[in-house]
Amino acid sequence: MRASLIQIAVDEGEPVDSRRRRVAALVREQSGADLVVLPELWTTGAFAYEEFGREAEPLEGPTYEAMAKAASDAGVWLHAGSIPERDPEGPLYNTSLVFSPSGELAAAYRKIHRFGFDKGEAVLMGAGRDLVTVRLPGTTLGVATCYDLRFPELFRGLVDAGAETLVIPAGWPERRRAHWTLLAQARAVENQAFVLACGTAGTHAGVPQAGHSIVVDPWGEVLAEAGAGEEVLTVDLDPAKTAATREQFPALKDRVLGLEPPRHRGRPRAT
Ligand SMILES: O=C(O)CCC(=O)C(=O)O
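Note that this is a predicted model, so its numbers are computed, not measured. (Residues numbered from 1 in each chain as written. Predicted model: local features only at pLDDT ≥ 70, side-chain atom pairs only at ≥ 80, totals over all residues. Heavy atoms only, no water.)

1. As for empty space enclosed by the protein
Alright, step 1. This structure, assessed with the given rule, holds 1 cavity of 30 Å³ or more.
Alright, step 2. As a volume, the largest cavity reaches approximately 130 Å³.
Alright, step 3. Partitioned by chemical class, the residues of the lining of the largest cavity number 8 nonpolar, 1 polar and 5 charged. (1 Å grid on protein atoms, 1.4 Å probe; cavity = no way out; pocket = protein on both sides within 12 Å on 5 of 7 lines; lining within 4 Å. Points joined across faces, edges and corners; volume = space filled by probe spheres on them. Nonpolar A, V, L, I, M, F, W, Y, C, P; charged D, E, K, R; others polar.)

The structure is reproduced here in C-alpha cells:
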C-alpha cells in the first residue's frame, strides 16, 4: 500500500479558496498512491480561532465537494484532514472526512478531545462522541485528530474496533514537536499498528507549525519523516505487518482489564 501524506503550509497570506484549489491539485498529483492523507483544519489553520466561525462549512460544503472530486479524479482513498463543520442543529465541530476512490464519503469523524483548555477550540467547538474506523482493501483505518494523540485510551478503543492503521491529521505546533514524534511512536508500539500522522507547515495566528509528518510501523520504526516545510511524504507499507507483529509479539493479548481501584493500606486517619 502506498500512502502519501501532504504536509500543507498553512499561512495567513493565502486565501482559503486558493489553498483549497492548490490542495485539490496536489491530491490529483498523487494518483499513484492508494491512500492520501491531509492535515487538520488546513482551510483555516488549527490556531486561527477567529476564522473557525467565518470559514465553517456544512459537512457537504466546498471542501467536501473539492475533496470528493479530487479523490475520484486521482482514484485514491483520501483522508481529507478536517474542516470546521457547521452543524445546522448544533455547535461547530472539528470534523475529518474520508473519501473512497469513487469520491463517496466513507466516514466522517468529529474530534473527541478539543484543544485549548479554557479557550480556542475547547470553547468554540463541540466534542465528538463516536469512534470511527474505515475498512480499506488490506487494512482497517482508525481515525483520530491532533490533540487526540495524547489520549491512549481512544486508540485502544479503535484497536478493539479492529483498527490496524492509525491515521492522525494534525496542526501541531513547533513548540511541542518532541511530544508529537514521541507520542506517534508510542501509539504505534503500544497498539502494534501503523501510525500515519500528517501535520501542517507554515505559521498562522503567530504559531509556527511543527511539520515533521511521520509514518511509524507496528514495531515502532520510523519509516519516513518530513522536514519543516510543505512536502509530500510518500511511503510504501506492507499492511500485513500489523497482523504479523501482533502474532509474533502478542502483547495486546496480555491486556488485563477491569482492575480494582487502589485500597488504603496505611493506618486509618483519625477523624
Ligand atoms: O497537544 C498539542 O500539543 C497540540 C494539539 C493541537 O494543537 C490541536 O489539537 O489542535
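2. Points about the packing of helix H1 (residues 16–28) against helix H3 (residues 62–74)
Alright, step 1. Where H1 contacts H3, the two axes come as close as 8 Å, and the packing angle between them is 20°. Here H1 is positioned roughly parallel relative to H3, judged by the angle of their axes. When the axes of H1 and H3 are compared, the crossing they make is right-handed. Mapping the contact onto sequence places Arg20, Val23, Ala24, Val27 and Arg28 in H1 and Pro62, Thr63, Ala66, Met67, Lys69, Ala70, Ala71, Asp73 and Ala74 in H3.
Alright, step 2. Looking at side-chain class alone, the contact of H1 with H3 contains 9 nonpolar, 1 polar and 4 charged residues. (Axes fitted to C-alpha atoms, helices over the stretch in contact; angles between N-to-C directions. Helix = DSSP H or I, 4+ residues; strand = E, 2+ residues; numbered from the N terminus. Parallel < 35°, antiparallel > 145°, perpendicular 65-115°, else oblique. Left-handed = near helix turned anticlockwise from the far one by under 90°. Contact = heavy atoms within 4.5 Å.)

3. Re the site of the ligand
Alright, step 1. Every residue lining the ligand is accounted for by Glu40, Phe47, Lys111, Phe115, Cys146, Tyr147, Arg150, Gly171, Trp172, Pro173 and Arg176.
Alright, step 2. Between an oxygen atom of the ligand and a main-chain N or O atom of Tyr147, the distance comes to 3.0 Å.
Alright, step 3. In the model, an oxygen atom of the ligand is placed 2.6 Å from a nitrogen or oxygen of the Arg150 side chain.
Alright, step 4. A majority-of-atoms criterion places the ligand in the largest cavity. (Near = heavy atom within 4 Å. Polar contact = N/O pair within 3.5 Å; in protein donor to acceptor, adjacent residues only side chain to side chain. Sits in = over half its atoms within 2 Å of the grid points.)

4. Some remarks on the layout of surface pockets
Leftover empty space is mapped by rolling, across the atoms, a probe with the size of a water molecule.
Alright, step 1. If you add up the space inside the largest pocket, you get close to 150 Å³.
Alright, step 2. Around the largest pocket, the lining residues are Asp11, Glu12, Glu14, Pro15, Val16, Arg19, Thr43, Thr44, Ala48, Glu50, Glu51 and His204.
Alright, step 3. Every element with two or more residues in the lining of the largest pocket is listed here: H1 and helix H2 (49–55).
Alright, step 4. Each residue belonging to the lining of the largest pocket can be placed in one class, and the counts come to 3 nonpolar, 3 polar and 6 charged.

5. Details of the sheet that holds strand E7 (residues 139–143)
Alright, step 1. Spatially, the 6 strands line up as an open sheet ordered E6-E7-E8-E9-E12-E13, and their pairing is mixed. Strands at the two margins of the open sheet, each flanked by one partner only, are strand E6 (133–136) and strand E13 (222–225). Pairs of neighbouring strands in the sheet enclose a mean axial angle of 15°, with direction left out of account.
Alright, step 2. For strand E8 (residues 165–169) and strand E9 (residues 194–198), the ladder comprises 5 bridges, and the chain directions are parallel. Across the sheet, Thr165 pairs through a bridge with Phe194, a residue of E9. (Pairing = 2+ DSSP bridges.)

6. A closer look at the packing of aromatic side chains
Alright, step 1. Per the counting criterion, the structure on display carries 10 aromatic pairs.
Alright, step 2. Residues Tyr147 and Phe151 carry aromatic rings whose centres are separated by 5.1 Å and whose planes lie at 80° to one another, so their mutual orientation is edge-to-face.
Alright, step 3. Between Trp172 and Trp180 the ring centres are 5.4 Å apart and the planes differ by 40°, which places this aromatic pair in the tilted class. By the burial criterion, Trp172 is buried, and Trp180 matches it.
Alright, step 4. The positively charged end of Arg110 is found above the aromatic ring belonging to Tyr93, 3.8 Å away from the centroid. (Phe/Tyr/Trp six-rings, centres within 6.5 Å; stacked < 30°, edge-to-face > 60°. Buried < 20%, exposed > 50% of the residue type's maximum accessible area, 1.4 Å probe, protein only. Lys NZ or Arg CZ within 6 Å of the ring centre and 35° of its normal.)

7. Digging into the packing of helix H5 (residues 152–160) against helix H6 (residues 177–191)
Alright, step 1. Between H5 and H6, whose axes approach to 11 Å, the crossing angle comes to 40°. Taken as axis vectors, H5 and H6 run oblique relative to one another. As for how H5 packs across H6, the hand of that crossing is right-handed. Of H6, the residues touching H5 (which contributes Pro152, Phe155, Arg156 and Val159) are Arg187, Glu190 and Asn191.
Alright, step 2. Residues belonging to the contact of H5 with H6 are distributed by class as follows: 3 nonpolar, 1 polar and 3 charged.

8. Details of unusual backbone geometry
Alright, step 1. Backbone geometry places Phe117, a non-glycine residue, at a positive phi of 60°.
Alright, step 2. Inspection of the secondary structure assignment puts Phe117 in the loop between strand E5 (105–110) and helix H4 (121–124).

9. Examining the pairing of strand E4 (residues 92–99)
Alright, step 1. Most of E4 sits inside the fold, with 8 of its 8 residues counted as buried.
Alright, step 2. Where burial is concerned, the two faces of E4 agree: the one with Leu92, Asn94, Ser96 and Val98 and the one with Tyr93, Thr95, Leu97 and Phe99 are both buried.
Alright, step 3. Bridge count for strand E3 (residues 77–86) against E4 is 7 bridges, and the pairing is antiparallel. Bridge pairing in E4 links Ile83 to Thr95.
Alright, step 4. Linkage of E3 to E4, two consecutive antiparallel strands, is achieved through a turn of 5 residues.
Alright, step 5. Pairing analysis gives 5 bridges linking E4 to E5, with the strands arranged antiparallel. Within E5, the residue paired with Val98 across the bridge is Ala107.

Bear in mind that shape data such as this cannot, by itself, settle questions of function.
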